[in-house]
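One-letter residues, chain by chain:
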Number of protein chains: 4
Amino acid sequence: MDNMIITLDFKSDTPIYVQLRNEIVIGIGSGELADGEKLPTVRQMAEDLGINAMTVNKAYAILKNEGFISIDRRHGATVAPIGNGQPEFKEKLENELRLVISEASVKGIGREEFMQMCAGIFSSVSFKSTSITE
Amino acid sequence: MDNMIITLDFKSDTPIYVQLRNEIVIGIGSGELADGEKLPTVRQMAEDLGINAMTVNKAYAILKNEGFISIDRRHGATVAPIGNGQPEFKEKLENELRLVISEASVKGIGREEFMQMCAGIFSSVSFKSTSITE
Amino acid sequence: MDNMIITLDFKSDTPIYVQLRNEIVIGIGSGELADGEKLPTVRQMAEDLGINAMTVNKAYAILKNEGFISIDRRHGATVAPIGNGQPEFKEKLENELRLVISEASVKGIGREEFMQMCAGIFSSVSFKSTSITE
Amino acid sequence: MDNMIITLDFKSDTPIYVQLRNEIVIGIGSGELADGEKLPTVRQMAEDLGINAMTVNKAYAILKNEGFISIDRRHGATVAPIGNGQPEFKEKLENELRLVISEASVKGIGREEFMQMCAGIFSSVSFKSTSITE
DNA sequence: GTGGTCTAGACCACT
DNA sequence: GTGGTCTAGACCACA
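Residues numbered from 1 in each chain as written. Chains lettered and ligands numbered in written order. Predicted model: local features only at pLDDT ≥ 70, side-chain atom pairs only at ≥ 80, totals over all residues. Heavy atoms only, no water.

Examining the relation of the copies chain A and chain B
Then step 1. Laying chain A over chain B is done by rotating through 177° and shifting 0.0 Å along the axis; what remains is an RMSD of 0.5 Å. In short, the pair behaves as if placed about a two-fold rotation axis. Ranked by how close their C-alpha atoms come to the rotation axis, the residues of chain A are headed by A:M115, at 3.7 Å.
Then step 2. Most of the interface of chain A is mirrored in chain B: 98% of its interface residues are interface residues there too. (Least-squares fit on C-alpha atoms with pLDDT ≥ 70 in both. Contact = heavy atoms within 4.5 Å.)

So, the packing of aromatic side chains
Then step 1. Taken as a whole, this structure holds four aromatic pairs over all chains when the rule is applied.
Then step 2. Ring centres 5.6 Å apart and planes at 65° place the aromatic pair A:F122 and B:F114 in the edge-to-face group. Here the residue A:F122 occupies a position in helix α5 (residues 111-124), and B:F114 occupies one in helix α5 (residues 111-124), the pair thus bridging two chains.
Then step 3. Owing to a relative accessible area of 0%, B:F114 belongs among the buried residues under this scheme.
Then step 4. Over the ring of C:Y17 we find C:K58; its NZ or CZ atom is 4.6 Å from the centre of that ring.
Then step 5. Stacked on the ring of C:F68, the Lys or Arg D:K107 has its end atom at 4.8 Å from the ring centre. (Phe/Tyr/Trp six-rings, centres within 6.5 Å; stacked < 30°, edge-to-face > 60°. Helix = DSSP H or I, 4+ residues; strand = E, 2+ residues; numbered from the N terminus. Buried < 20%, exposed > 50% of the residue type's maximum accessible area, 1.4 Å probe, protein only. Lys NZ or Arg CZ within 6 Å of the ring centre and 35° of its normal.)

Examining the protein's contact with DNA strand F
Then step 1. The immediate surroundings of DNA strand F are formed by 22 residues, with A:I16, A:Y17, A:N52, A:T55 and D:I16 found nearest.
Then step 2. Among the atoms of DNA strand F lying within 4 Å of the protein, the sugar-phosphate backbone contributes 71%.
Then step 3. A distance of 2.9 Å separates a phosphate oxygen of DNA strand F from a polar atom in the side chain of D:Y17.
Then step 4. Here the surface near DNA strand F gets three residues from one element, more than from any other, and that element is helix α3 (residues 53-65) of chain A.
Then step 5. Split into classes, the residues belonging to the surface near DNA strand F amount to eleven nonpolar, five polar and six charged. (Near = heavy atom within 4 Å. Polar contact = N/O pair within 3.5 Å; in protein donor to acceptor, adjacent residues only side chain to side chain. Nonpolar A, V, L, I, M, F, W, Y, C, P; charged D, E, K, R; others polar.)

Side note on the interface of chain A and chain B
Then step 1. Counting from both sides, the interface comprises 48 residues of chain A and, opposite them, 48 residues of chain B.
Then step 2. Of the roughly 4700 Å² buried where chain A meets chain B, counting both sides, 73% is carbon and sulfur surface.
Then step 3. Of all residues in chain A, A:V106, A:K107 and A:F122 bury the most surface against chain B, accounting for 16% of the area lost on that side.
Then step 4. Remark: the boundary between chain A and chain B carries six salt bridges.
Then step 5. At the junction of chain A and chain B, the tally comes to six residue pairs in polar contact (both at pLDDT 80 or more).
Then step 6. Breaking the side of chain A that touches chain B down by element, the ones donating at least two residues are α1 (16-29), α4 (87-106) and α5 of chain A.
Then step 7. Ranked by residues supplied to the side of chain A that touches chain B, first place goes to α4(A) with 16 residues.
Then step 8. Of the residues assigned to the side of chain A that touches chain B, the class counts are 22 nonpolar, 14 polar and twelve charged. (Buried area = accessible area lost by both parts, 1.4 Å probe. Salt bridge = Lys/Arg side-chain N within 4 Å of Asp/Glu carboxyl O.)

Here's the deal with the protein's contact with DNA strand E
Then step 1. In the region of DNA strand E, 22 residues are neighbours, and B:I16, C:I16, C:Y17, C:N52 and C:T55 sit closest.
Then step 2. Among atoms of DNA strand E positioned within 4 Å of the protein, sugar and phosphate together represent 71%.
Then step 3. One of the side-chain N or O atoms of C:Y17 is found 2.2 Å from a phosphate oxygen in DNA strand E.
Then step 4. Between a phosphate oxygen of DNA strand E and a side-chain N or O atom of C:T55, the distance comes to 2.6 Å.
Then step 5. Counting residues per element, the ones that place at least two in the surface near DNA strand E are α2 (42-49) and α3 of chain A, α1 (16-29) and α3 (53-65) of chain B together with α1 (16-29) and α3 (53-65) of chain C.
Then step 6. Considering each element in turn, the surface near DNA strand E owes the most residues, three residues, to α3(C).
Then step 7. Residues of the surface near DNA strand E, tallied by class, amount to eleven nonpolar, five polar and six charged.

Things to note about the side chain of C:S105
Then step 1. Examined against the element boundaries, C:S105 turns out to sit in helix α4 (residues 87-106).
Then step 2. A polar side-chain atom of C:S105 sits 2.9 Å from the main-chain carbonyl oxygen of C:I101.

Details of the interface of chain D and chain A
Then step 1. Each partner contributes to the interface: chain D provides seven residues, whereas chain A provides six residues.
Then step 2. When the two sides are added together, the surface that chain D and chain A hide from each other amounts to roughly 560 Å², 38% of it contributed by carbon and sulfur.
Then step 3. Among the residues chain D hides against chain A, the three largest losses belong to D:F10, D:K11 and D:D13. Together they make up 75% of the total.
Then step 4. Summed over the shared surface of chain D and chain A, the number is one salt bridge.
Then step 5. Joining chain D to chain A, the criterion identifies three residue pairs in polar contact (both at pLDDT 80 or more).

Digging into the state of the cysteines
Then step 1. Summed over the entire model, instances satisfying the criterion amount to zero disulfides over all chains.
Then step 2. The thiol sulfur of B:C118 is not disulfide-bonded, and the nearest other cysteine sulfur, from A:C118, lies at 4.5 Å. (Disulfide = S-S within 2.5 Å.)

Topic: the pairing of strand β2 (residues 76-79) of chain B
Residue and element names in this part refer to chain B.
Then step 1. Of the strand pairs in this sheet, strand β1 (residues 69-72) and β2 are connected by four bridges, and their pairing is antiparallel. Paired with D72 across the bridge in β2 is G76.
Then step 2. Hairpin connection, β1 to β2: the antiparallel pair is bridged by three residues. (Pairing = 2+ DSSP bridges.)

Focus: the packing of helix α5 (residues 111-124) of chain C against helix α4 (residues 87-106) of chain D
What describes two packed helices is the angle between their axes and the distance between those same axes.
Then step 1. The contact between α5(C) and α4(D) brings their axes to 10 Å, and the two run at 60°. If you check the angle between α5(C) and α4(D), you find them oblique. When the axes of α5(C) and α4(D) are compared, the crossing they make is right-handed. Packed against α5(C), whose contacting residues are C:E113, C:F114, C:M117, C:C118, C:I121 and C:F122, the element α4(D) presents D:K90, D:L93, D:E94, D:L97, D:R98, D:I101 and D:S105 at the interface.
Then step 2. The class makeup of the residues in the contact of α5(C) with α4(D) is eight nonpolar, one polar and four charged. (Axes fitted to C-alpha atoms, helices over the stretch in contact; angles between N-to-C directions. Parallel < 35°, antiparallel > 145°, perpendicular 65-115°, else oblique. Left-handed = near helix turned anticlockwise from the far one by under 90°.)

Overview of the pattern of salt bridges
Side-chain pairs of opposite charge can arise where the charged atoms are in close proximity.
Then step 1. Counted under the stated rule, the structure contains 28 salt bridges over all chains.
Then step 2. Residue A:E66 is joined to A:R21 by a salt bridge in which the shortest nitrogen-to-oxygen separation is 2.9 Å. Of the two residues, A:E66 is situated in the loop between α3 and β1 (69-72) and A:R21 in helix α1; the sequence distance between them amounts to 45 residues.
Then step 3. A:R21 sits in the buried class, given a relative accessible area of 8%.
Then step 4. Measuring nitrogen to oxygen at the nearest pair gives 2.9 Å for the salt bridge that ties B:R21 to A:E103. Taken together, the residues span two chains, with B:R21 in helix α1 and A:E103 in helix α4.

Printed below as a string of structure tokens:
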């Protein structure tokens, strides 16, 4: 965790707490943050990023709600184990993909190139569900 | 275009103009809206959907800015031809994909399943960059 | 809605936003707040109750997340239609009931008396699921 | 008591001492813990559950305050005899029930289904006030 | 020392 | 004019 880098764009339209949430999800997905690993405390993270503690709080609360992390009254926030593809999540994912694929197609990125990009991302890092830890 | 269906969810968190922008992008990507085809006027679209003209205006402006449509004072809004994968777009796309793939992985959807979902979407519709006109 | 009374206990241990959430749930369940009815704006509610707008905001956000209300960007918060007994909710409900029934039993309130109390509450107001509106 | 099982969820939102208090109340209500039976010492309980003694202490103090157990400096904590439905308790119970019933109604669980759930819970265990000793 | 709650007040995005 | 975001700073509950 120590070497995890979180980048925020304060000029972006996407709220800071969403950006933070996304960065942490990527961190978990890419294996930088392992199961059970401890996240920085709310205040620590806030100080490191130069933002308000409530903003971090909100990001953590969402991640908890989505099942990505669990917040333990004693040990703070820790990364939760991987879930199993719930149907409702798959539906949401498919909608996201349909949009992304549309954008790519219109911009001239065809099926093969798209697939290669995905493959590249999968290869670049050790994604959790590929290397079964539990 | 006449038979194109645009669905808006007024209860959704995503702003109406973003939803509209997304639906049009999907429409273009899936071939429902062909190159050079004319989009309804701002007022017409607003009336059809029961939303404010300003909202449609905003969606069109974004689409134009992103290069998906071109707006001509004489002919109104028309669908722009397919672009060629600009590097800046690819970078944006890769960031989007990295997040989506992370979410999927952590939720237990591995590489193979993910690839199959993509393939399924590509097969379901005839995307522009694969079959130019339809 | 105009005559709906919300009582908060500032000395209570239960957070204000939870109290507010509970009062609104009761309001909906008892039929005081009908389907589609509009709730006061965040600021209005905050002013009426003498609390901060963010506190009301949090209560509304939870109610939205639980499916009790829906927040429309145009018309503010409105009461959502009744759901259908999802299994996960039933499980939560059963746990709650098991505790409440235990407390009652130990305090000398037996099965019959307990059932009568429930019946009394059901009779006192027109609960939504008994009088099918939709 | 020896075979009584207490389950705590450290990831839950409800404080540990409340969870512990609830589990003991259910234990008493269901007859697993009989009148006059001795509860483990604070330290013993704390060690068994792997929690802090202060936390157990707090739970016991609340149970005593609510009249569920009595604490004797010589004999430790023992289960108190069944109370008789005090009016103040009934009022508290009725408030709890009103909320639970509201939630159920709005979620589509009507009067009959609710009553059946209650009956099911009453049948599943021998509650104290119905069969005094077990 | 941890997260959770609450406040007052400011600014922004959306319609 | 609506809800949403963000801040700084205070206080509390939990373990």
